[in-house]
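One letter stands for each residue in the lines below.
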Amino acid sequence: MTTKDLTFTIRPLDPRQDAGVLHDWVTQPRAVYWMMQDAKPEDVERAYREIAADEHHHAFLGLHDGRPAFLMEKYDPAHRELVGLYEPRPGDVGMHFLVAPADTPVHGFTRGVITAVMAYLFEDPATERIVVEPDVRNTAVHALNEAVGFVPEREIRKPEKKALLSFCTREQFAKAVAA
């Protein structure tokens, strides 16, 4: 998958094989919104084993130049995360993503990642709309979401956070990335 000058591949996450790298990422201060700051490696592996066993939630590892670069989760919001918080439509897909910390930041990398994630999700013709619910305080991700076509609908209260419920249709995404 190519996004401007960046090439990414996405593969299913292997909880046992990938737990170490994920632990390094989710315990970083910048990953505070993943709420795993105090997790031990076995906690991370257990959490992703649970996701792997869940028919409505899937985790993927994104690679850049063959190296782990981001985590992406895809879920069915009619069964996970947003049950009872909004009225899901057929074709809705929930998404989370986390970019790996970089020793040397690359300008536009995170935007390239979210663009690749969105393109990957929209490769499935059944996906009509992508749903996200980031923490209302995560202004950096709100800006990234807007850049790829997300439109905020409203704030919602989840058990673990106050979130900004936002949606992006296939058409909104295509228009945003063409600009």
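Overview of the structure. Everything numeric here is computed off the predicted structure, so don't read it as measured data.

## What to know about the packing of aromatic side chains
Then comes step 1: Counting across every chain of the model gives five aromatic pairs.
Then comes step 2: When the centroid spacing of 5.5 Å and the interplanar angle of 70° are considered together, the rings of F8 and F109 count as edge-to-face. A residue pair is termed long-range when its members are at least 10 positions apart, and F8 in strand β2 (residues 6–12) and F109 in helix α3 (residues 109–122) qualify at 101 residues. Neither residue differs from the other here; F8 and F109 are each classed as buried.
Then comes step 3: Between Y86 and F167 the ring centres are 5.5 Å apart and the planes differ by 50°, which places this aromatic pair in the tilted class. Residue Y86 is located in the loop between β4 (67–75) and β5 (92–99), and its partner F167 is located in strand β8 (residues 162–169); the two are separated by 81 residues in the primary sequence. Taken individually, Y86 and F167 each receive the classification buried, so the pair is uniform in this respect.
Then comes step 4: By the ring-pair criterion, three or more aromatic residues cluster together here, those being F8, F70 and F109.

## Concerning the pairing of β8
Then comes step 1: Taken across its eight residues, β8 has seven buried, putting it largely inside the fold.
Then comes step 2: One ladder, built from six bridges, connects strand β7 (residues 151–157) with β8; its direction is antiparallel. Looking at β8, one finds that R157 is bridged to K162.

## What to know about the environment of E123
Then comes step 1: Tracing the backbone shows E123 in the loop between α3 and β6 (129–132).
Then comes step 2: Residues E123 and R170, spaced 47 residues apart in sequence, show a C-alpha to C-alpha distance of 9.9 Å.

## What to know about the packing of helix α1 (residues 15–26) against helix α2 (residues 41–52)
Then comes step 1: Direction vectors running N to C along α1 and α2 enclose 120°, while the axes themselves pass 8 Å from each other. The orientation of α1 with respect to α2, classified from their angle, is oblique. The hand of the α1/α2 crossing is right-handed. Contacts between α1 and α2 involve P15, R16, A19, L22, H23 and V26 from the first element and P41, V44, E45, Y48, R49 and A52 from the second.
Then comes step 2: Looking at the contact of α1 with α2, its residues break down into eight nonpolar, one polar and three charged.

Reading the values: rules and limits
- Residues numbered from 1 in each chain as written.
- Predicted model: local features only at pLDDT ≥ 70, side-chain atom pairs only at ≥ 80, totals over all residues.
- Heavy atoms only, no water.
- Phe/Tyr/Trp six-rings, centres within 6.5 Å; stacked < 30°, edge-to-face > 60°.
- Helix = DSSP H or I, 4+ residues; strand = E, 2+ residues; numbered from the N terminus.
- Buried < 20%, exposed > 50% of the residue type's maximum accessible area, 1.4 Å probe, protein only.
- Pairing = 2+ DSSP bridges.
- Axes fitted to C-alpha atoms, helices over the stretch in contact; angles between N-to-C directions.
- Parallel < 35°, antiparallel > 145°, perpendicular 65-115°, else oblique.
- Left-handed = near helix turned anticlockwise from the far one by under 90°.
- Contact = heavy atoms within 4.5 Å.
- Nonpolar A, V, L, I, M, F, W, Y, C, P; charged D, E, K, R; others polar.

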